[in-house]
Amino acid sequence: MNGTAGAGAPEARTIAFIGLGNMGGPMAANLVAAGHRVVGHDLSADALAAAAARGVVPAASAVEAVPGADVVITMLPAGRHVLALYQDEGLLAAAAPGTLFVDCSTIDVADARAAHEAAAATGHRALDAPVSGGVVGAEAGTLTFMAGGGTGEFNEAEPLLAAMGKRTVHCGDAGAGQAAKICNNMILGVSMVAVSEAFVLGESLGLTAQALFDVASTASGQCWALTSNCPVPGPVPASPANRDYRPGFAAALMAKDLGLAAGAARATGVDAALGLRAAELYEQFAAAGGADRDFSAIVQTIRQRSGEHAT
C-alpha cells in the first residue's frame with residue numbers, strides 16, 4: 001500500500017518524536033504542519049530548540065515525551081540506541097498500553113526484530129520504517145518509507161508517514177523495512193562508486209563531464225547516482241558536487257548502511273563482492289576525513305588515487 005503526502009485529512013494524533021536531528025527535526029515539523037501535536041526530545045539542546053521553533057512541544061527527556069502519545073516515533077543513530085531507549089531507559093514502560101512504536105532509524109535487521117519483540121513483550125505494537133531521501137527529502141516531505149511489521153500497524157502508521165513522505169511501502173513482517181533499506185543503499189553505494197570511476201576514466205580519456213553525462217543519462221548507464229546526485233560539478237546543478245559536497249547524504253551514513261549490508265551478507269552467506277568492496281571504500285573514505293561530506297565526494301578520492309597510480 002502506498003501513501004502520498006497531503007492526500008486526505010488524517011485524524012490529528014499526539015505523537016512523541018525522539019531524535020530531532022538533521023532528519024528527525026524536519027520530519028517532526030512536517031507532522032506539526034499536518035495538524036498533529038508533536039512532543040519531542042533530543043539530547044542536543046540546539047536541535048530541541050530548532051524543533052520547538054517549528055511547533056514541536058519540547059520535553060526534558062525521552063521518557064517525559066511519551067505519556068499521552070498515541071504513537072512514538074524514534075530516529076536514532078544505531079540499533080543499540082533504540083534498544084537501550086526502549087528497555088534500559090524506560091521508554092516502553094512509560095507508554096500507555098497498546099501504543100504504536102515506529103522506528104525510522106536505519107539499524108541492523110536483528111536489532112529491528114529485537115525492538116519488535118521488546119515492544120510486544122510490554123503490551124505495545126511496533127513498526128520498523130527506515131527512510132530514503134536524505135535531509136532534502138526530510139525537509140520537503142518527499143521521503144520514501146520502507147515498513148516492516150503487521151498490516152494493522154502499517155495501516156495505522158501510514159497517514160503519519162504520508163505527512164512526512166511521498167511514498168510508503170509495506171515490505172513484510174518485522175525487520176523487512178530494514179532489510180529493504182540496506183539492500184537499497186547497497187545498490188546506491190555501489191552505483192555511486194561505479195559512476196565516480198566512470199567520470200574519472202572519462203576525464204583520463206579526454207571526455208568532458210558534460211559529454212559523458214549527456215550520453216550516460218539517456219543510455220543504459222542511467223541511474224539515480226548519475227542523474228540526481230551526479231558526483232562532478234556542472235551536469236546536475238542541484239547535486240552536492242556544486243556545493244563543495246555538503247550533504248545531502250553524508251559519507252559516514254553511507255559507510256554505516258553499507259556496513260549493515262555487509263554484515264547481513266556475511267551472516268547469510270551471500271556472495272556480495274561489490275557490496276562488500278563498496279563498504280570497505282566508504283569506511284576508508286569516512287575515516288580519512290570524508291565522514292561529513294556528501295557520499296558522492298568519493299569521486300575525489302578515486303581521482304586522487306588514480307593520479308598516484310599514473311605516476
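Anything mentioned here points back to the structure above.
Residues numbered from 1 in each chain as written. Predicted model: local features only at pLDDT ≥ 70, side-chain atom pairs only at ≥ 80, totals over all residues. Heavy atoms only, no water.

Engineer: Would you mind showing me how to read the pattern of salt bridges here?
Structural biologist: Pairing between side chains of opposite charge can happen when the charged atoms of each approach one another. Scanning the entire structure with this criterion turns up 8 salt bridges. A salt bridge links Glu139 to Arg54; the nearest nitrogen and oxygen atoms lie 3.3 Å apart. With Glu139 in helix H7 (residues 134-140) and Arg54 in the loop between helix H2 (45-53) and strand S3 (57-58), this residue pair connects regions lying 85 residues apart in the sequence. Assessed through its relative accessible area of 41%, Glu139 is described here as partly exposed. Residue Arg54 is classed as partly exposed on the basis of its relative accessible area, which comes to 38%. Between Arg293 and Asp244 there is a salt bridge, and its shortest N-O distance comes to 3.6 Å. One end of the pair, Arg293, is in the loop between helix H13 (273-290) and helix H14 (298-310); the other, Asp244, is in the loop between helix H11 (224-227) and helix H12 (251-268), and 49 residues separate them in sequence. According to the relative accessible area criterion, Arg293 is partly exposed, its value standing at 24%. Its relative accessible area of 57% is what places Asp244 among the exposed residues. One continuous salt-bridge network, built from bridges that share partners, spans Arg13, Asp70, Arg125 and Glu156. (Salt bridge = Lys/Arg side-chain N within 4 Å of Asp/Glu carboxyl O. Helix = DSSP H or I, 4+ residues; strand = E, 2+ residues; numbered from the N terminus. Buried < 20%, exposed > 50% of the residue type's maximum accessible area, 1.4 Å probe, protein only.)

Engineer: How should the side chain of Ser105 be read in this particular structure?
Structural biologist: Assignment of secondary structure puts Ser105 in the loop between strand S5 (100-103) and helix H6 (109-121). At a separation of 2.8 Å, a polar atom in the side chain of Ser105 contacts the main-chain amide nitrogen of Leu76. With near-sequence residues (within four places) excluded, Ser105 lies in contact with Thr74, Met75, Leu76, Val82, Pro130 and Gln178. (Polar contact = N/O pair within 3.5 Å; in protein donor to acceptor, adjacent residues only side chain to side chain. Contact = heavy atoms within 4.5 Å.)

Engineer: Looking at this structure, how should I read the pairing of strand S2 (residues 37-41)?
Structural biologist: A regular strand places its side chains so that they alternate between the two faces of the sheet. The buried count for S2 comes to 4 of 5 residues, which makes it a mostly enclosed element. Here 5 bridges tie strand S1 (residues 14-18) to S2, and the two strands are oriented parallel to one another. Across the sheet, residue Phe17 finds its bridge partner in S2, namely Gly40. The parallel pair S1 and S2 is bridged by helix H1 (residues 24-33), and the resulting crossover is right-handed. (Pairing = 2+ DSSP bridges. Right-handed = clockwise from strand over helix to strand, strands pointing away.)

Engineer: For this particular structure, what's the right way to read the packing of helix H9 (residues 176-204) against H12?
Structural biologist: The packing of two helices is summarised by the inter-axis angle and the distance between the axes. With their axes 9 Å apart at the nearest point, H9 and H12 run at an angle of 115 degrees to one another. Here H9 lies roughly perpendicular to H12, going by the angle between them. The chirality of how H9 crosses H12 is left-handed. Where H9 approaches H12, its residues Lys181, Ile182, Asn185, Met186, Leu188 and Gly189 are matched on the opposing element by Met254, Asp257, Leu258, Leu260, Ala261 and Ala264. Counted by class, the contact of H9 with H12 contains 8 nonpolar, 2 polar and 2 charged residues. (Axes fitted to C-alpha atoms, helices over the stretch in contact; angles between N-to-C directions. Parallel < 35°, antiparallel > 145°, perpendicular 65-115°, else oblique. Left-handed = near helix turned anticlockwise from the far one by under 90°. Nonpolar A, V, L, I, M, F, W, Y, C, P; charged D, E, K, R; others polar.)

Without other data, these values stay purely geometric and don't point to any function.
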